[in-house]
Amino acid sequence: MGTALIQGILSADAGITVRATTNSTASAQRLRQDLPTAAVTSVEDDPEANRRAAAGADFVFLGVKPWMMAETVRELADDLDANSVLVSMAAGVAAADLAKLAPENPIVRIMPNTPSAIGHGVIALAPSAEVTAASVDTLKSLLSGAGLVVDLDESQIPAMTGISGSGVAYFFLLAEAMIAAGVKQGLSEDVARQMVVATADGAGRLLTEKPDPAAQRRAVSSKGGTTLAGLQQFLDSGIFDIAEAAAQAAADRSVEMERENSEVING
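A short tour of the structure in this document, coming up. Quick caveat: nothing in here was measured; it's all calculated off a predicted structure. (Residues numbered from 1 in each chain as written. Predicted model: local features only at pLDDT ≥ 70, side-chain atom pairs only at ≥ 80, totals over all residues. Heavy atoms only, no water.)

### Comments concerning the nonpolar core
Stated formally: For the purposes of this section, nonpolar cores are sets of buried Ala, Val, Leu, Ile, Met, Phe, Trp, Tyr and Cys residues that join through side-chain atoms within 4.5 Å. The cut-offs for exposure are 20% and 50% of the maximum accessible area for each residue type, with area from a 1.4 Å probe on protein chains only; residues under the lower value are buried, those over the upper are exposed, and the others partly exposed. Counting from the N terminus, the helices are DSSP H or I runs at least four residues long and the strands are E runs at least two residues long. Residue contacts follow a heavy-atom distance rule, with two residues in contact if any of their heavy atoms lie within 4.5 Å.
Judged by nonpolar contacts, the single largest core of 18 residues is most densely connected at V60, L62, M69, V73, L80, L86 and L98. Elements with a minimum of two residues in this core: β3 (59-62), α4 (69-76) and α5 (95-101). When residues of this core are assigned to their parent elements, the largest contribution, four residues, is made by α4. In this view, M69 contacts L62, V64, S88, A90, V93, L98 and L101; residues no more than four positions away in its chain are not counted.

Quick look at the structure:
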């Protein structure tokens with residue numbers, strides 16, 4: 001995900017200077033292929049790589065796993081400029097806990113989803129009060145290369161996680177189920193997959209042009225027709241209740257992760 005966001009940033013501003021670090025030499029070599037204009041180093045080759053990369057940076061993106069966050073920020077703290085904005089991509093790590101690790105620096109939490117890798121993601125952006133409006137505007141501009149950037153209060157990140165961060169997988173699950181249904185009705189798996197993938201692509205494009213799913217659904221639902229017969233099965237099975245429960249479960253897990261990681265950070 002970090003690579004995808006950097007690619008998006010570079011597409012939005014090709015003249016920006018990017019320094020990126022990885023743990024291993026092998027991963028650094030792969031990253032250089034994906035980010036040919038970035039300066040990429042690894043901690044394996046240079047134990048001070050993270051600190052050198054962060055020193056003097058306007059924005060420091062933290063793309064580490066939640067349980068690695070405390071160690072990483074503590075390592076960087078002495079080399080951060082006071083005006084360096086820490087941008088955390090970690091799920092379940094609250095800004096308040098990050099502030100305890102780097103009390104001199106403004107903090108922004110972002111939550112991207114996986115289509116950011118192809119420039120069609122959704123990126124939630126929740127800045128702390130210390131982040132200047134100019135920094136927020138710059139960050140939004142940079143992230144726009146990876147997709148739609150949405151301003152949220154940090155308290156709303158679990159809701160975003162429930163419908164968008166994790167929501168991508170819900171669409172994949174529906175596609176998986178539709179492919180299986182086609183196979184059961186006699187289609188080959190390859191043909192069913194092609195049909196469902198192309199249908200999902202077309203539906204997404206229509207929804208982008210007219211972002212009113214209820215209106216789009218009604219437009220293809222003729223009384224007594226095949227579509228309405230199929231839709232009724234979804235409705236009778238409680239699809240709205242299922243979607244609400246799934247989004248709530250993901251949001252609840254996001255909050256639980258914040259509590260768990262807070263305990264780790266605060267000892």
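And the narrative resumes.
### Some thoughts on the pattern of salt bridges
Under the convention used in this document: By definition here, a salt bridge exists when the distance from a side-chain nitrogen of Lys or Arg to a carboxyl oxygen of Asp or Glu is within 4 Å.
Going through the model one piece at a time under the given rule, you end up with 11 salt bridges. Where E256 meets R253, a salt bridge forms, and the shortest distance between an N and an O atom there is 3.2 Å. Of this pair, E256 and R253 both sit in helix α12 (residues 239-265), separated by three residues, roughly a single helical turn. Overall, E256 belongs to the partly exposed group, its relative accessible area being 34%.

### What about helix α1 (residues 2-12)?
Those residues of α1 that sit buried are A4, L5, I6, G8, I9 and L10. Those residues of α1 hidden inside the fold are in contact with β1 (19-22), β3, β5 (107-112), β6 (121-127) and α6 (133-143).

### A closer look at the packing of helix α8 (residues 167-184) against helix α9 (residues 189-209)
Which entries qualify depends on this criterion: Helix axes are fitted to C-alpha atoms over the stretch in contact, other axes to C-alpha atoms as well, and angles between N-to-C directions run from 0 to 180 degrees. Any angle that falls under 35 degrees is termed roughly parallel, while one over 145 is termed roughly antiparallel, one within 65 to 115 roughly perpendicular, and all others oblique. Left-handed is the label given to a crossing in which the near helix is rotated counterclockwise from the far helix by less than a right angle, and right-handed is the label when the rotation is clockwise. Only Asp, Glu, Lys and Arg are considered charged, only Ala, Val, Leu, Ile, Met, Phe, Trp, Tyr, Cys and Pro nonpolar, and every remaining residue, Gly among them, polar.
Their axes nearest at 9 Å, the elements α8 and α9 cross at an angle of 135°. By the angle class used here, α8 and α9 are oblique. Of the two possible hands of crossing, α8 and α9 adopt the one that is right-handed. Across the interface between the two elements, A175, M178, I179 and V183 from α8 touch E189, A192, R193 and V196 from α9. Partitioned by chemical class, the residues of the contact of α8 with α9 number six nonpolar, no polar and two charged.

### Topic: the sheet that holds β5
The condition that has to hold: By this definition, two strands are paired if DSSP reports at least two bridges between them.
Spatial ordering of the open sheet is given by β3-β4-β5-β6-β7, a layout of five strands whose pairing is mixed. Of all strands in the sheet, those bounded by a partner on one side alone are β3 and β7 (147-151). Strand-to-strand twist in this sheet, taken as the mean axis angle between neighbours without regard to direction, amounts to 25°. Bridge analysis of β5 against β6 gives five bridges, and the strand direction is antiparallel. Bridged to R109 within β6 is A126. Along the sheet, α4 makes contact with β3 and β4 (85-88), crossing β3 at roughly 155°.

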